[in-house]
Amino acid sequence: MKEILVKAQTLPEAYHKALVSLQKEGEVSDCADWNTTQKELSMTIFVEKPLSEPRISKCFIGGPEELEQYRQEMLDGILDFEVEKGNWVYTYHQRYEKQIPFVIDDLKRNPSSRRAVMLVRDNSVDMGSDDPSCLQHIQYFVRNGKLDCDILFRSNDACKATFMNAFALICLQERIAKELGIEVGTYTHRANSFHCYEKDFGLLEGYCKRIEAEDEVTYDYKDGWDEMMEAAKPDIAKRVEELKNR
């Protein structure tokens, strides 16, 4: 499988480079698990300044409400009750939430630590699952007085998941950095299989045409998206409450 590294100052710029690399260099292969084919390569996305503007890509499925709900799912576990009700096997938040205090304590105790790791994969469940966790682990480093974050996905849907995954995980990185009293450093997003399913080949092609044409493909988070995401919170809370009461 081809191995690609893309680097950029901001998340959208790095993500867009990754999409273009997948379109141009990805290899088509079978995906027997889902009875389809896919375009695939191994991808590492390195973001130098993950909180810098612009922070929002136009090349993802969803809008401010969907992004805010996903952020809350990852940071606050607003849908963890689905696991308790037996509707879902896991959520990412449900798997790592109890490990966050360890990460914070470990980095406070020893800022040079290489042990601040949160495991998301659970072999006792995932080895026999039809839908094992895509996110495998999260590791934090304090380097140069800032909190760096390295993420590993075994599998990552380039068009329909990667941007929202990365945005939310950077928000989690920001929260932990605040607990430590330091700034956010770099963000590295590794996907061993960075892929696009056959049904989404047209979507990938369309995204890449816009990116390569230097069309307007980003928004500033602090220029309206933050307010729209904040405004979406009551509707999200209402929908979550309805799900809880079903």
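Residues numbered from 1 in each chain as written. Predicted model: local features only at pLDDT ≥ 70, side-chain atom pairs only at ≥ 80, totals over all residues. Heavy atoms only, no water.

## Digging into the pairing of strand β3 (residues 36-47)
Among the 12 residues of β3, 10 are classified as buried, and the element is accordingly described as predominantly covered. As judged from the six bridges shared by strand β1 (residues 3-8) and β3, these two strands associate in the parallel manner. Residue pairing in the sheet places Val6 in a bridge with Ile45 of β3. Across five bridges, strand β2 (residues 27-31) lies against β3 in antiparallel orientation. Of the residues in β3, the one forming a bridge with Glu27 is Glu40. In textbook terms, the turn of a hairpin is the stretch between consecutive antiparallel strands, and for β2 and β3 this stretch comprises four residues, one of which, Asn35, has a positive phi near 55 degrees. Pairing geometry for β3 and strand β9 (residues 183-197), over nine bridges, is antiparallel. If you follow Leu41 over to β9, its bridge partner there is Phe194. (Buried < 20%, exposed > 50% of the residue type's maximum accessible area, 1.4 Å probe, protein only. Helix = DSSP H or I, 4+ residues; strand = E, 2+ residues; numbered from the N terminus. Pairing = 2+ DSSP bridges.)

## Some details on unusual backbone geometry
Note the cis peptide between Glu53 and Pro54, where omega equals -5 degrees. Inspection of the secondary structure assignment puts Pro54 in the loop between β3 and β4 (56-57). Even without glycine at this site, Asn35 takes up a positive phi of about 55 degrees. Relative to the helices and strands, Asn35 resides in the loop between β2 and β3. Classification of Asn35 as exposed rests on a relative accessible area of 73%.

## Focus: the side chain of Thr91
Structurally, Thr91 is set in the loop between α3 (81-84) and α4 (92-96). Thr91 sits in the buried class, given a relative accessible area of 9%. Only 2.9 Å separates the side chain of Thr91 from the backbone nitrogen of Gln94, close enough to count as a polar contact. Every residue in contact with Thr91, bar those within four places of it in the chain, is listed here: Leu79, Asp80 and Val83. (Polar contact = N/O pair within 3.5 Å; in protein donor to acceptor, adjacent residues only side chain to side chain. Contact = heavy atoms within 4.5 Å.)

## Here's the deal with a negative patch on the surface
Residues Glu53, Asp220, Asp223 and Glu227 make up a contiguous surface patch of negative charge. Glu53 sits in the partly exposed class, given a relative accessible area of 30%. (Patch = residues over 30% accessible without salt bridge, like charges linked within 9 Å, V, L, I, M, F, W, Y side chains within 5 Å. Areas by Shrake-Rupley, 256 points an atom, 1.4 Å probe, with all protein chains shown as cover. Salt bridge = Lys/Arg side-chain N within 4 Å of Asp/Glu carboxyl O. Lys, Arg positive; Asp, Glu negative; His and termini not counted. Charge placed at Lys NZ, Arg CZ, Asp CG, Glu CD.)

## As for the packing of helix α1 (residues 11-25) against helix α8 (residues 201-212)
When two helices pack together, their arrangement is given by the angle between the helix axes and the distance between those axes. One can describe the packing of α1 onto α8 by two numbers: an axis separation of 9 Å at closest approach and a directional angle of 120 degrees. As summarised for this structure, α1 and α8 are arranged oblique, according to the angle between their axes. Relative to α8, α1 is oriented so that their crossing is left-handed. Only Leu204, Glu205, Tyr207, Cys208, Ile211 and Glu212 of α8 make contact with α1, whose side of the interface consists of His16, Leu19, Val20, Leu22, Gln23 and Lys24. Residues that form the contact of α1 with α8 fall into these classes: seven nonpolar, two polar and three charged. (Axes fitted to C-alpha atoms, helices over the stretch in contact; angles between N-to-C directions. Parallel < 35°, antiparallel > 145°, perpendicular 65-115°, else oblique. Left-handed = near helix turned anticlockwise from the far one by under 90°. Nonpolar A, V, L, I, M, F, W, Y, C, P; charged D, E, K, R; others polar.)

## Some details on helix α10 (residues 233-244)
Between its first and last C-alpha, α10 extends 16 Å over 12 residues, near the 16 Å set by a 1.5 Å rise per residue. Three or more residues of α10 are buried, namely Ile236, Val240 and Leu243. Looking down the long axis of α10, one finds its buried residues gathered within 55 degrees of arc, a one-sided arrangement. For α10, exposure combined with an orientation more than 90 degrees from the buried face picks out Pro234 and Lys238. (Expected span 1.5 Å × (residues − 1). Arc of directions from axis to C-beta.)

## Topic: the layout of surface pockets
A water-sized probe rolled over the atoms picks out the places where empty space is left. The calculated volume of the largest pocket comes to roughly 1,100 Å³. As for the largest pocket, its lining consists of 41 residues, and the residues nearest its centre are Tyr90, Tyr92, Asp131, Cys134 and Ala161. Elements with a contribution of two residues or more to the lining of the largest pocket: β3, α2 (64-76), α4, β8 (156-157), α7 (162-180) and β9. In terms of residues, the lining of the largest pocket owes the most to one element, α2, which gives six residues. Of the residues contributing to the lining of the largest pocket, the split by class is 16 nonpolar, 12 polar and 13 charged. (1 Å grid on protein atoms, 1.4 Å probe; cavity = no way out; pocket = protein on both sides within 12 Å on 5 of 7 lines; lining within 4 Å. Points joined across faces, edges and corners; volume = space filled by probe spheres on them.)

## Regarding the pattern of salt bridges
Within the structure shown, the criterion is met by 13 salt bridges. When the shortest N-O distance is used, the salt bridge between Lys209 and Glu205 registers 3.6 Å. Linking Lys209 with Glu205, this pair stays in helix α8, spanning four residues, or about one helical turn. Residues joined in a network through salt bridges with shared partners are Lys160, Lys199 and Asp200.

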